[in-house]
Amino acid sequence: MIDYFALFQETRRPWLNAETLKDKLHKLSAEHHPDVAKDSSVDFTELNAAYRMLHDPKTRLRHLLELEFPGTLTNNLQIPADISRLFETMARERHSVGVFLEKQAELKTPLEIALMASEKLELLSVLERLLALLNQKHEAILTQIKFMDAVWEEDKATSQSALLDIYQSISYVGKWIDQVRNDLVKLGEN
């Protein structure tokens, strides 16, 4: 496995500054671009893949866990309790969207569509509140990553469990944010 942290000359850690990472990409790109460095030991596509992985907190955590604690992501992972509680909410609201869209697809007249307008507005409002909640949760997870980064060097060995929880949390929350945004688009189109 390629160590993308090493490729970017960064120490392995949970948090990286996005601007610093971007500056390093530009510097390394200028040095290793195929049009500039014909005999470069760095594959330019690999450099871009490394940037994408390290730039995204979720994929960076996954890469860090794979490098520092090999095999931990293949174990039976426990879903963090706060994320587990959100499963029910997400399932209920996404089901409501599905039911509404099915009903809406069967409507034929403008009057039928108008009669469902209040239900649609309520559903849009619920989804917007849910998206705000998920965005808050995402920001809290980013704060957790920054905290883990602050103690990383002194406490790597005991950080494994916390990093796994954070990785799972950011994975679920990110997926749910995308799903709710997609649901809002679907409802807005109709």
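The sections below set out a description of the structure shown in this document.

Rules of the game
Residues numbered from 1 in each chain as written. Predicted model: local features only at pLDDT ≥ 70, side-chain atom pairs only at ≥ 80, totals over all residues. Heavy atoms only, no water. Helix = DSSP H or I, 4+ residues; strand = E, 2+ residues; numbered from the N terminus. Buried < 20%, exposed > 50% of the residue type's maximum accessible area, 1.4 Å probe, protein only. Expected span 1.5 Å × (residues − 1). Arc of directions from axis to C-beta. Contact = heavy atoms within 4.5 Å. Polar contact = N/O pair within 3.5 Å; in protein donor to acceptor, adjacent residues only side chain to side chain. Phe/Tyr/Trp six-rings, centres within 6.5 Å; stacked < 30°, edge-to-face > 60°. Lys NZ or Arg CZ within 6 Å of the ring centre and 35° of its normal. Axes fitted to C-alpha atoms, helices over the stretch in contact; angles between N-to-C directions. Parallel < 35°, antiparallel > 145°, perpendicular 65-115°, else oblique.

Let's shift gears to the environment of L184. Tracing the sequence through the fold places L184 in helix 8 (residues 156–189). According to the relative accessible area criterion, L184 is buried, its value standing at 17%. Along the primary structure L184 and L127 are separated by 57 residues, whereas in three dimensions their C-alpha atoms are 6.9 Å apart.

Every α-helical turn comprises 3.6 residues, leaving residues that sit three or four positions apart pointing alike. With 15 residues, helix 2 (residues 18–32) extends 21 Å between its outermost C-alpha atoms, agreeing within 8% with the 21 Å of an ideal straight helix rising 1.5 Å per residue. Every buried residue belonging to helix 2 is among L21, L25, L28, S29 and H32, and all of these are buried. Angular distribution of buried residues about the axis of helix 2 spans 105 degrees; they occupy a single face of the element. Those residues of helix 2 hidden inside the fold are in contact with helix 1 (4–7) and helix 3 (44–55). The N-terminus of helix 2 is capped by N17, whose side-chain oxygen sits 2.8 Å from the backbone nitrogen of E19.

Turning to helix 4 (residues 57–68), a few remarks are in order. Helix length check: helix 4 (twelve residues) gives 16 Å between terminal C-alpha atoms against 16 Å at 1.5 Å per residue, within 8%. Packing partners of the buried residues in helix 4 comprise helix 1, helix 3, helix 7 (117–151) and helix 8.

Quick look at the packing of aromatic side chains now. Enumeration over the complete set of coordinates arrives at five aromatic pairs. Each residue in the set F87, Y172 and W176 is aromatic and connected to the rest through ring pairs, giving one cluster. Of note, R60 hangs over the ring of W15, and the distance from its end group to the ring centre comes to 5.5 Å.

One way to put it is that helix 3 packs onto helix 4 with a least axis distance of 5 Å and a crossing angle of 100 degrees. In terms of orientation, helix 3 and helix 4 fall into the roughly perpendicular class. Only P57, T59, R60 and H63 of helix 4 make contact with helix 3, whose side of the interface consists of R52, M53, L54 and H55.

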